[in-house]
Amino acid sequence: MHTFPALDGTPLAYHPSGAGAPLICLPGGPMRDSAYLGDLGGLADTGVPTVRLDLRGTGDSGVPADPGSYACERQVEDVEALRRHLGLDRIRLLGHSAGAALAVLYTARHPERVSSLVLVTPQVEPLGEPVRVEDRLETARLRKGEEWFPAAYAAMEAITRGRATEADWAAAAPLSHGRWDEAARAHRAAGPAQRHPEAAAAYAAEAIDPDTVRTALGAYRGRALLLAGQFDVASPPRPVTACASAFPDAKTAVLPGAGHFPWHDDPAGFTSAVAGFLA
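Treat the numbers as computed from the prediction; the structure is a model and nothing was measured. (Residues numbered from 1 in each chain as written. Predicted model: local features only at pLDDT ≥ 70, side-chain atom pairs only at ≥ 80, totals over all residues. Heavy atoms only, no water.)

### A few points about the state of the cysteines
- On inspection of all chains with the given rule, the structure shows zero disulfides.
- Note on Cys25: no disulfide assigned, nearest cysteine sulfur contributed by Cys72 at a separation of 16 Å.
- Of all cysteine sulfurs, the one in Cys72 lies closest to Cys243, which takes part in no disulfide; the gap is 14 Å.
- Taking the relative accessible area as the measure of exposure, Cys243 reaches 1% and is therefore buried. (Disulfide = S-S within 2.5 Å. Buried < 20%, exposed > 50% of the residue type's maximum accessible area, 1.4 Å probe, protein only.)

Here's what the structure looks like:
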């Protein structure tokens, strides 16, 4: 674990793996400890060294004096401070889920500083592609052969209608994973201790205008990969692939059998897609 100071003095932690110019990895949640990313399926073993950033107030990073600095837009400069600390002129950047929103905003504000952008099962609203109810339900129905499907699907219907209980969120959990096995259950069980509810609420407190973001991305001259999971109800393939139009040079990939955490469901497929894109 290494640290560096943010512009406001908050100590931020990062975790490198492998040697060479790294892929900087931003966690989702939002505001979940970056530990849940693990080694991203062994990405460093494929020749792609990584740096996993603990966002302010999470993991080994310090708690800021100003809670308003948890806002996604304000954390853009934390990523810029990390780039400067690492002494890199341009960076390769990966964002997962809500962390993809931060990666997109950084690229929009500093397009000349990003050479390659990887968005993994990304939050799509900042790019103007809201997820429709039918996107989620259609994706969920792909799992109708699973023994847990009836309860999970009923819970997903309740979630999409805005009347979910805690029991519904628990019942729908299998739909976030390509396989609802022991590893997926352990990943789910670790979640509550890794989440920071107050920071998460502040993360989305400032509205992001998709038109402004898309206009700024017109200046981006690097490449983008948008990676979706076939079974992901949080970021279904249709809106994820539609977001490619926001970038001058983008490709998309849908990993068969993968959910919201594709490096868990298909490590080989995930690392092959990311490493192949970055090669």
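What follows continues from the structure just given.
### Some thoughts on the nonpolar core
- Leu93, Leu117 and Phe247 are the most contacted members of the largest nonpolar core, which has 49 residues in total.
- When residues of this core are assigned to their parent elements, the largest contribution, nine residues, is made by helix H2 (residues 98-109).
- Sequence-distant contacts of Leu93, that is, excluding residues within four places in its chain, are made with Leu23, Ile24, Leu26, Val79, Ala103, Tyr106, Thr107, Val114, Ser116, Leu117 and Val118.
- Cys25, Val48, Trp263 and Ala275 belong to the second-largest nonpolar core, a separate cluster that totals 21 residues. (Core = buried A, V, L, I, M, F, W, Y, C linked by side-chain atoms within 4.5 Å. Helix = DSSP H or I, 4+ residues; strand = E, 2+ residues; numbered from the N terminus. Contact = heavy atoms within 4.5 Å.)

### Comments concerning the sheet that holds strand S3 (residues 23-26)
- Spatially, the eight strands line up as an open sheet ordered S1-S2-S4-S3-S5-S6-S7-S8, and their pairing is mixed. Where the open sheet ends on each side, the last strands, each with one partner, are strand S1 (2-5) and strand S8 (250-255). Recorded for the sheet is a direction-independent mean angle of 25 degrees between the axes of neighbouring strands.
- Both S3 and strand S5 (residues 91-96) contribute to a ladder of four bridges, which runs parallel. Paired with Leu26 across the bridge in S5 is Gly95.
- Across the sheet, H2 lies against S3, S5 and strand S6 (114-120), angled at about 145 degrees from S5, the strand it touches most.
- On top of the sheet, helix H11 (residues 267-278) reaches S3, S5, S6, strand S7 (223-229) and S8; it is set at about 170 degrees to S7, its chief contact. (Pairing = 2+ DSSP bridges. Axes fitted to C-alpha atoms, helices over the stretch in contact; angles between N-to-C directions.)

### Regarding the pairing of S5
- Counting buried positions along S5 yields six of six residues, so the element is predominantly enclosed.
- In terms of strand pairing, S5 meets S6 through six bridges, oriented parallel. Residue pairing across strands places Leu93 opposite Leu117, the latter belonging to S6.
- Since S5 and S6 lie parallel, the crossover through H2 that links them has a hand, and here it is right-handed. (Right-handed = clockwise from strand over helix to strand, strands pointing away.)

### As for the side chain of His96
- By secondary structure assignment, the location of His96 is in strand S5.
- His96 has contacts with Leu26, Pro27, Gly28, Tyr36, Leu37, Val120, Thr121, His260, Phe261 and Trp263, leaving out every residue within four places of it along the chain.

### Points about unusual backbone geometry
- Between Gly29 and Pro30 the backbone carries a cis peptide bond, its omega angle lying at -5 degrees.
- Turning to its location among the elements, Pro30 is positioned in the loop between S3 and strand S4 (50-54).
- Look at Met31: it is not a glycine, yet its phi comes out positive at around 60 degrees.
- Looking at the element boundaries, Met31 is found in the loop between S3 and S4.
- The class for Met31 is buried, based on a relative accessible area of 0%.
- Unlike most non-glycine residues, Leu40 shows phi in positive territory, near 50 degrees.
- Mapped onto the fold, Leu40 is located in the loop between S3 and S4.
- Judged by relative accessible area, Leu40 falls into the buried class, the value being 3%.

None of the figures reported here should be taken as evidence of function without further support.
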